[in-house]
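Read off the chains here:
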Amino acid sequence: MIDTFLSVFRISIKAIFANKMRAALTSLGIVIGVAAVITMLAVGSGTQQSMSERFSRFGTNILYLRQPWDLDESISSPKDVTMDDVHAIREIEGVQAAAPYISSGFDVKYGFTSTSIGVLATDTDIFKTYDWQLQEGREFTEKEVREYAQVAVLGATVAQTLFNDVSPLGKTVVFDNIPFKVIGVMKKNGQGGLGFDMDEGTLIPYTTGKVKMQTGWKSSSRRALDQVIIRVKDFNTIEDTKNAIANAVRNTHKIHPLAKDDFQLDDFASFVEQAKAAGKTMSLLLGFIGAVSLLVGGIGVMNIMLVSVTERTREIGIRMAIGATSADIRLQFLAEAVTLSCIGGLLGVLIGIGVTLFVAAHSENIPAQLSAVSILVAFGFSAATGIFFGYYPAYKASKLTPIDALRYE
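Residues numbered from 1 in each chain as written. Predicted model: local features only at pLDDT ≥ 70, side-chain atom pairs only at ≥ 80, totals over all residues. Heavy atoms only, no water.

**Concerning a nonpolar patch on the surface**
Quick note on the threshold: Within the patch definition used here, like charges are joined within 9 Å and nonpolar side chains (Val, Leu, Ile, Met, Phe, Trp, Tyr) within 5 Å, considering only residues with over 30% relative accessible area and no salt bridge. Every accessible area reported is derived by Shrake-Rupley at a probe size of 1.4 Å, with residue values counting cover from the shown protein chains alone. Any carboxyl oxygen of Asp or Glu within 4 Å of a side-chain nitrogen of Lys or Arg constitutes a salt bridge here. Under the scheme used here, helices are H or I runs from DSSP no shorter than 4 residues and strands are E runs no shorter than 2 residues, and both carry numbers assigned from the N terminus.
Where nonpolar side chains cluster on the molecular surface, the patch consists of L285, F288, I289, V292 and V296 and spans about 470 Å² of accessible area. Note on placement: V292 falls in helix α9 (residues 268-311).

**Thoughts on the pattern of salt bridges**
The condition that has to hold: Buried means the residue's accessible area, taken with a 1.4 Å probe over protein chains only, is under 20% of the maximum for its type, while exposed means over 50%, and partly exposed covers the values in between.
Summed over the entire model, instances satisfying the criterion amount to eight salt bridges. Of the charged contacts, one joins K128 and D125 as a salt bridge, the two residues approaching to 3.5 Å between their closest N and O atoms. Owing to a relative accessible area of 43%, K128 belongs among the partly exposed residues under this scheme. One salt bridge connects D261 with R250, and the closest N-O pair in it is separated by 2.4 Å. Taken together, the residues D261 in the loop between α8 (238-252) and β10 (264-267) and R250 in helix α8 connect sequence positions eleven residues apart. The exposure class assigned to D261 is partly exposed, which follows from its relative accessible area of 33%.

**As for the packing of aromatic side chains**
Selection rule: Two rings from Phe, Tyr or Trp (for Trp, the six-membered ring) form a pair when their centres sit within 6.5 Å of each other. Planes less than 30 degrees apart are called stacked, planes more than 60 degrees apart edge-to-face, and all others tilted.
Applying the stated rule across the entire model yields four aromatic pairs. Each ring, one from Y110 and one from F163, has its centre 4.3 Å from the other, and the planes form 40°; the classification is tilted. With a gap of 53 residues between them, Y110 in strand β2 (residues 95-110) and F163 in helix α6 (residues 156-163) connect regions that are remote in the sequence. Of the residues examined, F163 reaches a relative accessible area of 5% and is grouped as buried.

**Quick word on the pairing of strand β8 (residues 201-205)**
Where we set the bar: Should DSSP find at least two bridges between two strands, the strands are regarded as paired.
Burial analysis of β8 places five of its five residues in the buried class, which makes it a mostly covered element. Bridge analysis of strand β5 (residues 151-154) against β8 gives two bridges, and the strand direction is antiparallel. Within β8, the position partnered with L154 by the bridge is T202.

**Some remarks on the pairing of strand β3 (residues 113-122)**
Sheet analysis places β2 next to β3, joined by nine bridges and oriented antiparallel. Bridge pairing in β3 places D107 opposite S116. Counting the residues in the hairpin turn of β2 and β3 gives two residues, including G111, whose phi is positive at 65°. Relative to β8, β3 is paired through five bridges, and the arrangement is parallel. Across the sheet, the residue bridging to T122 is P205, located in β8.

**Looking at the packing of helix α11 (residues 326-362) against helix α12 (residues 372-398)**
Stated formally: The angle between two axes is taken between their N-to-C directions and runs from 0 to 180 degrees, where each axis is a line fitted to C-alpha atoms and a helix contributes only its stretch in contact. Between 65 and 115 degrees an angle is taken as roughly perpendicular, under 35 as roughly parallel, over 145 as roughly antiparallel, and anywhere else as oblique. Left-handed describes a crossing whose near helix is turned anticlockwise from the far helix through less than a right angle; right-handed describes the clockwise counterpart. For this scheme, ten residues count as nonpolar: Ala, Val, Leu, Ile, Met, Phe, Trp, Tyr, Cys and Pro. Four count as charged, namely Asp, Glu, Lys and Arg, and the remainder, Gly too, count as polar.
Look at α11 against α12: their axes get within 7 Å of each other, and the N-to-C directions meet at 155°. Relative to α12, the element α11 lies roughly antiparallel. Of the two elements, α11 crosses α12, and the hand of that crossing is right-handed. Residue composition of the contact of α11 with α12, by class: 17 nonpolar, eight polar and one charged.

**A word on the environment of G352**
As a reminder, the rule being used: Note on definitions: a residue-residue contact is assigned when non-hydrogen atoms from the two residues lie within 4.5 Å.
Of note, G352 is situated in helix α11. Of the residues examined, G352 reaches a relative accessible area of 0% and is grouped as buried. Along the backbone, G352 and A36 are 316 residues apart, and their C-alpha atoms lie at a distance of 6.6 Å. When neighbours within four sequence positions are excluded, G352 is seen to be in contact with A35, I38 and T39.

**Quick word on the confidence of the model for the protein**
Let me state the cut-off plainly: One number per residue, pLDDT, summarises how confident the predictor is, and it ranges from 0 to 100.
Model confidence for the protein is summarised by a mean pLDDT of 80, while 82% of its residues fall at 70 or above. Across the protein, β5 holds the top mean pLDDT of 95, while helix α13 (residues 402-407) sits lowest at 60.

**Side note on unusual backbone geometry**
For D176, which is not a glycine, the phi torsion comes out positive at approximately 45°. Position of D176 among the secondary structure elements: in the loop between β6 (172-175) and β7 (178-186). Positive phi, close to 75°, is recorded for N177, a residue that is not glycine. Tracing the backbone through its elements, the reader meets N177 in the loop between β6 and β7.

**Things to note about the side chain of R66**
Definition in use: For this analysis, a polar contact is any N or O atom pair within 3.5 Å, provided that within protein one partner can donate a hydrogen and the other can accept it, and provided that sequence-adjacent residues contribute only side-chain to side-chain pairs.
Within the secondary structure, R66 sits in strand β1 (residues 62-66). Polar contacts involving the side chain of R66 include one to the side chain of D266, which spans 2.9 Å. Contacts of R66, omitting those with residues within four sequence positions, involve V81, D226, Q227, F263, Q264 and D266.

**Looking at α8**
To keep things clear, this is the line we draw: Multiplying 1.5 Å by the residue count of a helix minus one yields the expected span of that helix.
When the terminal C-alpha atoms of α8 are compared, their 21 Å separation across 15 residues agrees well with the 21 Å that a helix rising 1.5 Å per residue should span. For α8, the full list of buried residues reads I238, T241, K242, I245, A246, A248, V249 and R250. Where α8 is buried, its residues meet β1, α3 (83-90), β2, β9 (227-232) and β10. Two residues or fewer after α8 comes K254, characterised by a positive phi angle close to 55°.

**Points about the side chain of T208**
As for its position among the elements, T208 is in helix α7 (residues 206-212). On the basis of relative accessible area, T208 is assigned to the buried category, the value being 0%. A distance of 2.6 Å separates the side chain of T208 from the backbone oxygen of A149, its partner in a polar contact. Leave out the neighbours within four places in its chain, and T208 touches Y148, A149, Q150, F180 and M213.

**As for the environment of S374**
With respect to the helices and strands, the residue S374 is situated in helix α12. Residues S374 and L41, spaced 333 residues apart in sequence, show a C-alpha to C-alpha distance of 6.7 Å. Excluding its chain neighbours within four sequence positions, the residues that come into contact with S374 are I38 and L41.

Have a look at this one:
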């Protein structure tokens, strides 16, 4: 049996190399398809991993209190989220910290250097919610928050842009014509959730931001916060803590027991799960796009094999006349199709790995992560494509009779 398969394989290789150009063009579709599957799945997997890591870094024990963007029409007089809510939330036993969160963008200037940055107006609890650490200097104090002090803690990138390697402590920077004294510089932290990048941003007291700079979505209101960032002590009790927070906010908003909430409390753990689900969907979609390319390549294999059967009809007749059975003929042409697909699949794997490594090395915005499973699946799919699309031409060849085949011109 092994000798038979080896013999068939040798005949297949000879037949393929007898028409090198046609074989190369035939396998090109398989090459592109396999390379596309591997690259697409690698990009999808890398994106999924990147999204999960990015969200997980913020902490799954973080909650966000805000007014809903799609507020229910039945709520006629919704209350803003204010510091009254923050104070009430801080009294809850399961809450570790709660910080006001008001974000805006400003141009910051020092000397002849200026840049656009994100500004987060908040209070001292922000350092407890996100575990942010200082590189030098200090945080602003509760006294400075109460007194609307014009003090700022710069992100690492902002400090480097404005001051290079000189310490900015004690220096004065200007935010849209309003001077701020630099009291601290943060270590590199990255994004702190909801799109705010601490490295590219600056922290100021929320009182200063609301009153002196009119920051926030509701800039006309001096009490309205964009949202409240809440850190829960124990993730295992997060649901109980969420319920306690919701009850506390309902009390501060004086909501009737039968009325709906005029606020929304988001669980960051659910964001992580949503990110993972979105990543899986993206991976499947990208894999499907690559599989379509492989399917097109398989159709090309079938077309060429049908042409090959027609061209070699007399050869088939001679083989049958000297004793080859229909099963032998079918096995021969099926082996040619599978061999052609496997050669294309192997080349596609090499190209796909090369493209993925190139993308991963030269693009920060497109993460790519190779997976042994995706490589095996792509290569296995190429072999399956040869069997599936090669069977009909092989079956058609095996049904020829020796006399008709020998008479074929």
